[in-house]
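A look at the structure
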Amino acid sequence: MNTNTTPQEAARSTPGWWTEAVIYQIYPRSFADSDGDGIGDLPGITARLDHLAELGVDAVWLSPFYPSPQADAGYDVADYRDVEPLFGKLSDADRLIAEAKSRGLRTIVDLVPNHTSSAHVWFQAALAAAPGSGERQRYVFRDGLGPAGDEPPNDWQSVFGGPAWTRVTESDGRPGQWYLHLFDTAQPDLNWDNPEVRAEFLDVLRFWLDRGVDGFRVDVAHGLVKQADLANWEEPQEILSGQEVDKPRPPMWDQDGVHEIYREWRRVLDSYDGERILVAEAWVEPAERLARYVRPDEMHQAFNFEFLLAAWTAPAQYAVVTRSLEATEAVGAPTTWVLSNHDVVRHASRLGLPIGTPRPNGIGADDPQPDAALGLRRARAATLLMLALPGSAYLYQGEELGLPEHTTLADEVRQDPTYHRTGGAQRGRDGCRVPIPWEADAPSYGFGPTDASWLPQPTSWAEYALDRQRGVPGSTYELYRTALRLRREHQLGRGTLRWLESPDEVLAFANGPLTVLTNFGATPLPLPAGAELLHTSAPLDTDGHLPTDTTAWLHTP
Ligand code: GLC
C-alpha cells in the first residue's frame, strides 16, 4: 500500500464502506461563511474540509444547497439541478466534491422528493393551469368539501402546524382547488402516482451521480406515497409514524407503495461504479418497519431515530441497541446510530433535561433550561457509547465541539416555519442551527470574515471554538478524534456486539477486542481487574472507578 494513503483513502476502496462509515452532517447555512454575508456557503465548506479529514470521518452529508426561497432553510427546492446563489454556484459544488474526494472524504447530498418549493416551475405551471390538467396532476390538488368547496379535502394537519391544505385562486380570480402540503404552504407535496414525477427524480439522481456524489440522504422517505383515498386521520400530526406493527398506519406515512420507488432508485445507483448509497430519513417505528427500507434491493441505510429518542437509562439504551441490531440483521443491513441533527435539540442540551422529558421541539428562554454541565457530561458518554457500536454513525456539525443548543434565542430572530405556524407554541429548530464557532477571538467566532451570522451566536460560545479545543487533552474535540481513531484501528464499525454481565445501572458489552462500559448509576464502578483503559468520556475518580454518566473503552485480559 502506498505509504501516503490516508486512512480515509484506504477506507474508500474498502467494499461496503458505508456499513461502518462515520458520516458528518454539514448544514451549509451554518458551517462556514466565505463571503461575510452571515450565511454559510459551499466555498466556506471547501475551505474547512481539512477539519473533517483531521477529525477522522469518512464522509460528509450536505443538507440542501439548491436554489430555494429558503422557506424551510432549503428543504423547499425550486431547482434540483443547480446551486442556490446564497451558497455559491454549480462549479462550487463540483469543486467541493472533488476537494473532499482528494482528502478521502465521500460526499452525500440531500434529495427532497416529497415536495418541491412553491417557486418550482412545475408548481407555478400548476397554479396557472386548470383543475384536472397535467400540470396539476404532478401535485396533490383536490376540490374542497362543502357546497362552496371552501373546506379542505380532509382533516390532515401539517407537520409544522395548521392545516395541510391551502386553497388556490384560479386564473379567473375565483377561489379554487386545494393543494396538499404536509409541511409548509411553500412545500407542495408531489404526486408520486404520476410517472412524470418518477421519471424526473430518476433524472435528478443521475444528474448528481454524474457529478461524482457518493449518495443521497432522502428527505421524508416515508411520506412520498399517500393512502389512495386520502382518508381522514383524527390523530394529531407527527412526522413519526410511531405505530405498532399490527395497528393502522397514518394514511400519509410509511405506505407500502414507497418501497417500489426505492427499488427503482437502487437499480440506478447500482448501475454506477463506486458503491453509491441511499440513506432514508424515515421517522418510522417500530424498528422492524424501518428495516423494510433497507432490504437488500432498496436503500443502504436508514437513520435510527429510535436510538436518538431513547432515554438516558441503562435499560432503555440496552433495549434500543438490541432492537436496532436485531431488526437490521433480519434484513441483512447494517445498523446506523445518530444523536443529533438539524431537526432536534442538540444532544449536549437534550441530555441535560430531566430523564423522561418528552422530546422538545426547540427550547426557548421561558422554558425550563437544560443543565449544561450534566448535558455535556452525558453527551460525551453517549457519544463514546455510540461510536463503540457496530454499524455506521452520523455526527452533526458542532457536536464534536460539545456545542449546546441555543436555548435563549429571541423570538424575533426565529426563522423555522414551525415556530410561526404554531404561533410560537413550538419553539422550532433554530436553536440547533446556529452558525458554529471556529476561532474564539475572531468575528462571528471565525464562522465568516465579518460579525454577520444569520442566527445570533451566544456570547458564551468562545469556549467551544475549535481553536480552544484542538490539542487540549480532555476537550470534546480531542475526545471525538481519539474515539474515531480507535474506532478505525479496532474496526469497531464492522465488529459484533456481545452483551456482558453488569450491575443494573451499567451497560457493558464487548466489540472485538474492546470492552465498553457506561455507568448510568450513582455508584462509581470498579473496573475489571487488569483492564487497560483506552479511552474515557470523563476522568476516573480518585479510586480509579468509573463515575456516573461516564463511558470507558477498555482492553481486558
Ligand atoms: C425533513 C428535514 C427537515 C425538513 C422536512 C421537510 O424532516 O430534515 O429539516 O423541514 O424534512 O422537508
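Please read these numbers as outputs of a predicted model, since none were measured by experiment. (Residues numbered from 1 in each chain as written. Predicted model: local features only at pLDDT ≥ 70, side-chain atom pairs only at ≥ 80, totals over all residues. Heavy atoms only, no water.)

Quick look at helix α15 (residues 476-489)
Its 14 residues give α15 an end-to-end C-alpha distance of 20 Å, which sits within 8% of 20 Å, the value for a rise of 1.5 Å per residue. Residues Thr476, Tyr477, Glu478, Leu479, Tyr480, Ala483, Leu484, Leu486 and Arg487 constitute the buried set of α15. (Helix = DSSP H or I, 4+ residues; strand = E, 2+ residues; numbered from the N terminus. Expected span 1.5 Å × (residues − 1). Buried < 20%, exposed > 50% of the residue type's maximum accessible area, 1.4 Å probe, protein only.)

Focus on the packing of aromatic side chains
Going through the model one piece at a time under the given rule, you end up with 26 aromatic pairs. Arranged with centres 6.5 Å apart and planes meeting at 55 degrees, the rings of Phe183 and Trp253 form a pair that is tilted. In this pair, Phe183 sits in the loop between β6 (175-180) and α6 (195-210) while Trp253 sits in the loop between β7 (215-218) and α7 (258-270), placing the two residues 70 residues apart along the sequence. The class of Phe183 is buried, set by a relative accessible area of 5%. Given the relative accessible area of 0%, Trp253 is considered buried. An aromatic cluster is built from Tyr80, Trp192, Phe201, Tyr262, Trp265 and Tyr293, whose rings are joined through pairwise contacts. The residue whose ring lies beneath Arg29 is Trp454, and the NZ or CZ to ring-centre distance is 4.1 Å. (Phe/Tyr/Trp six-rings, centres within 6.5 Å; stacked < 30°, edge-to-face > 60°. Lys NZ or Arg CZ within 6 Å of the ring centre and 35° of its normal.)

Digging into the nonpolar core
Core analysis: the largest hydrophobic core is formed by 139 residues, its most contacted members being Phe65, Trp208, Phe216, Tyr262, Trp265 and Trp553. Examining the composition of this core, we find that 8 residues originate from one element, α6, more than from any other. Discounting chain neighbours no more than four positions away, the residues touching Trp265 are Leu111, Pro113, Trp192, Phe201, Leu202, Leu205, Val218 and Leu278. Counting residues in hydrophobic clusters, the runner-up holds 14 residues, among them Val140, Trp165, Trp178 and Trp253. (Core = buried A, V, L, I, M, F, W, Y, C linked by side-chain atoms within 4.5 Å. Contact = heavy atoms within 4.5 Å.)

Considering the site of the ligand
Around the ligand, 15 residues are found, and the nearest of them are Asp72, Asp219, Glu281, His342 and Asp343. Between the ligand and Asp72, the relevant distance is 2.5 Å, taken from an oxygen atom to a side-chain nitrogen or oxygen of the residue. In this structure, an oxygen atom belonging to the ligand sits 2.9 Å away from a side-chain N or O atom of Arg429. Computed on the free molecule, the ligand has an accessible area of 310 Å², of which 99% lies beneath the protein chains in the complex. (Near = heavy atom within 4 Å. Polar contact = N/O pair within 3.5 Å; in protein donor to acceptor, adjacent residues only side chain to side chain. Areas by Shrake-Rupley, 256 points an atom, 1.4 Å probe, with all protein chains shown as cover.)

Quick notes on the environment of His259
With respect to the secondary-structure elements, His259 resides in helix α7. Other than its neighbours up to four places away in sequence, His259 contacts Asp254, Arg292, Tyr293, Arg295 and Glu298.

Digging into unusual backbone geometry
Excluding glycine, most residues fall at negative phi; most peptide bonds, likewise, are trans. The step from Glu285 to Pro286 runs through a cis peptide bond, and the omega angle for that step is -5 degrees. Along the chain, the position of Pro286 falls in the loop between β8 (277-280) and α8 (287-291). The phi dihedral of Asp254 is positive, around 55 degrees, even though this residue is not glycine. With respect to the helices, strands and loops of the structure, Asp254 is situated in the loop between β7 and α7. Take Asp254: its relative accessible area is 0%, and that puts it in the buried class. Positive phi is not limited to glycine here, since Asp549 has a value of about 55 degrees. With respect to the helices and strands, the residue Asp549 is situated in the loop between β15 (532-536) and β16 (550-555).

Some points on the pairing of strand β3 (residues 106-111)
For β3, the buried fraction is high: 6 of the 6 residues fall into the buried class. Alternating residues of β3 divide into Arg106, Ile108 and Asp110 and Thr107, Val109 and Leu111, and every residue in both groups is buried. Where strand β2 (residues 59-62) meets β3, 4 bridges bridge the pair, whose relative direction is parallel. Looking at β3, one finds that Ala59 is bridged to Arg106. A crossover links β2 with its parallel partner β3, the connecting element being helix α4 (residues 90-102), and its sense is right-handed. (Pairing = 2+ DSSP bridges. Right-handed = clockwise from strand over helix to strand, strands pointing away.)

Notes on the environment of Leu42
Note that Leu42 resides in helix α2 (residues 42-47). Looking at Leu42, the relative accessible area reads 0%, which means it is buried. Spatially, the C-alpha atom of Leu42 lies 17 Å from that of Val77, the residues being 35 residues apart in sequence.

Comments concerning the pairing of β6
Burial within β6 is extensive, with 5 of its 6 residues counted as buried. Inspection of the sheet shows strand β4 (residues 141-142) paired to β6 by 2 bridges, in the antiparallel sense. Note on β6: the bridge partner recorded for Phe141 is Tyr179. Of the strand pairs in this sheet, strand β5 (residues 165-169) and β6 are connected by 4 bridges, and their pairing is antiparallel. Residue pairing across strands places Arg167 opposite Trp178, the latter belonging to β6. Linking β5 to β6, which pair antiparallel, is a turn of 5 residues; within it Gly173 sits at a positive phi near 90 degrees.

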